[in-house]
Amino acid sequence: AQSVTQLDSQVPVFEEAPVELRCNYSSSVSVYLFWYVQYPNQGLQLLLKYLSGSTLVKGINGFEAEFNKSQTSFHLRKPSVHISDTAEYFCVLQGGSEKLVFGKGTKLTVNP
Amino acid sequence: SQTIHQWPATLVQPVGSPLSLECTVEGTSNPNLYWYRQAAGRGLQLLFYSVGIGQISSEVPQNLSASRPQDRQFILSSKKLLLSDSGFYLCAWSVGTSGQETQYFGPGTRLLVL
């Protein structure tokens, strides 16, 4: 069975501070990993994805994530957050089929 | 470029009433289409997916159904809504047959059943 665990349900930070949203996964097959962002009352927007190659993946809005196969992690980072980054972030796994496995989400709140 | 539309954006329906949510994709042919539900505190759940016209796979037993009357149109329906059907419904699309395609999501429909 495949699973995704987002270790923090809520992360409050101050503006311009760095942030890391943690994600661990479990799978018996090779996986593709994604981070999606959901702004209030909107659909999901793809932030970045890891398919193969370099383990450091850069996405939109200054976010990046690092795939760590030995630790089965795919943590999302941003060196300096803005108020506009306040949203819910989902770590998603795809392995062996078209079906996605979603984490429960992490709500990032950026305070002034 | 590809775009995905969902309507209505919000819907309030009484228990026992019918439901029809529509999703259309523009700018691509023969997409894979998906319906997800996002219930409060429960993450996203895949309800249906379709790899072609008239081809629907159901992931969970429920009182909802899906249809794909045209290549780029995906409809979610119910004959009688339940309170538990309330949630945020997201349509998504992808292209390809390897099972490794990136999915792109629509803006969603918020459904409240009273």
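As the structure is a computational prediction, the values presented were derived from the model and not from experiment.

Peer 1: In this structure, what is going on with the sheet that holds strand 8 (residues 73–78) of chain B? I would like to understand it.
Peer 2: Adjacent strands of a sheet form backbone hydrogen bonds with each other and so pair up, either parallel or antiparallel. All names here are of chain B. Ordered in space as 1-3-8-7, the four strands form an open sheet in which the pairing is antiparallel. In this open sheet, the two edge strands, each paired with only one partner strand, are strand 1 (3–7) and strand 7 (64–70). Neighbour-to-neighbour, the strand axes of this sheet turn through a mean angle of 20 degrees, independent of strand direction. When strand 7 meets strand 8, the two strands line up antiparallel, connected through five bridges. Across the sheet, residue Ser65 finds its bridge partner in strand 8, namely Ser77.

Peer 1: Would you mind showing me how to read the interface of chain A and chain B here?
Peer 2: Frequently, the measure chosen for interface size is the accessible area that the parts lose on association. Counting from both sides, the interface comprises 17 residues of chain A and, opposite them, 19 residues of chain B. Here chain A and chain B share an interface that buries about 1,600 Å² over both sides, 54% of which is from carbon and sulfur atoms. Scanning the region where chain A abuts chain B turns up one salt bridge. One salt bridge in this structure joins Glu59 of chain B and Lys99 of chain A, with 3.5 Å as the shortest N-O distance. Elements with a contribution of two residues or more to the side of chain A that touches chain B: strand 5 (32–38), strand 6 (44–50), strand 10 (87–94) and strand 11 (100–102) of chain A. In terms of residues, the side of chain A that touches chain B owes the most to one element, strand 5 of chain A, which gives four residues. Of the residues contributing to the side of chain A that touches chain B, the split by class is eight nonpolar, six polar and three charged.

Peer 1: Honestly, the packing of aromatic side chains in this entry has me stumped. Any pointers?
Peer 2: Here a ring pair, both rings aromatic, is described through the centre-centre distance and the interplanar angle of the planes. Across all of its chains, the model carries 13 aromatic pairs over all chains by this definition. Arranged with centres 5.5 Å apart and planes meeting at 45 degrees, the rings of Phe63 of chain A and Tyr89 of chain A form a pair that is tilted. With Phe63 of chain A in the loop between strand 7 (56–58) and strand 8 (64–68) and Tyr89 of chain A in strand 10, this pair connects stretches of sequence that are 26 residues apart. Considered together, Phe63 of chain A and Tyr89 of chain A belong to a single accessibility category, that of buried residues. By way of ring pairs, the aromatic residues Phe34, Tyr36, Phe90 and Phe102 of chain A together with Tyr34, Tyr36, Tyr49 and Phe105 of chain B are connected into one cluster. We note Arg110 of chain B situated over the ring of Phe88 of chain B; from NZ or CZ to the ring centre the distance is 4.4 Å.

Parameters at a glance
Residues numbered from 1 in each chain as written. Chains lettered and ligands numbered in written order. Predicted model: local features only at pLDDT ≥ 70, side-chain atom pairs only at ≥ 80, totals over all residues. Heavy atoms only, no water. Pairing = 2+ DSSP bridges. Helix = DSSP H or I, 4+ residues; strand = E, 2+ residues; numbered from the N terminus. Axes fitted to C-alpha atoms, helices over the stretch in contact; angles between N-to-C directions. Contact = heavy atoms within 4.5 Å. Buried area = accessible area lost by both parts, 1.4 Å probe. Salt bridge = Lys/Arg side-chain N within 4 Å of Asp/Glu carboxyl O. Nonpolar A, V, L, I, M, F, W, Y, C, P; charged D, E, K, R; others polar. Phe/Tyr/Trp six-rings, centres within 6.5 Å; stacked < 30°, edge-to-face > 60°. Buried < 20%, exposed > 50% of the residue type's maximum accessible area, 1.4 Å probe, protein only. Lys NZ or Arg CZ within 6 Å of the ring centre and 35° of its normal.

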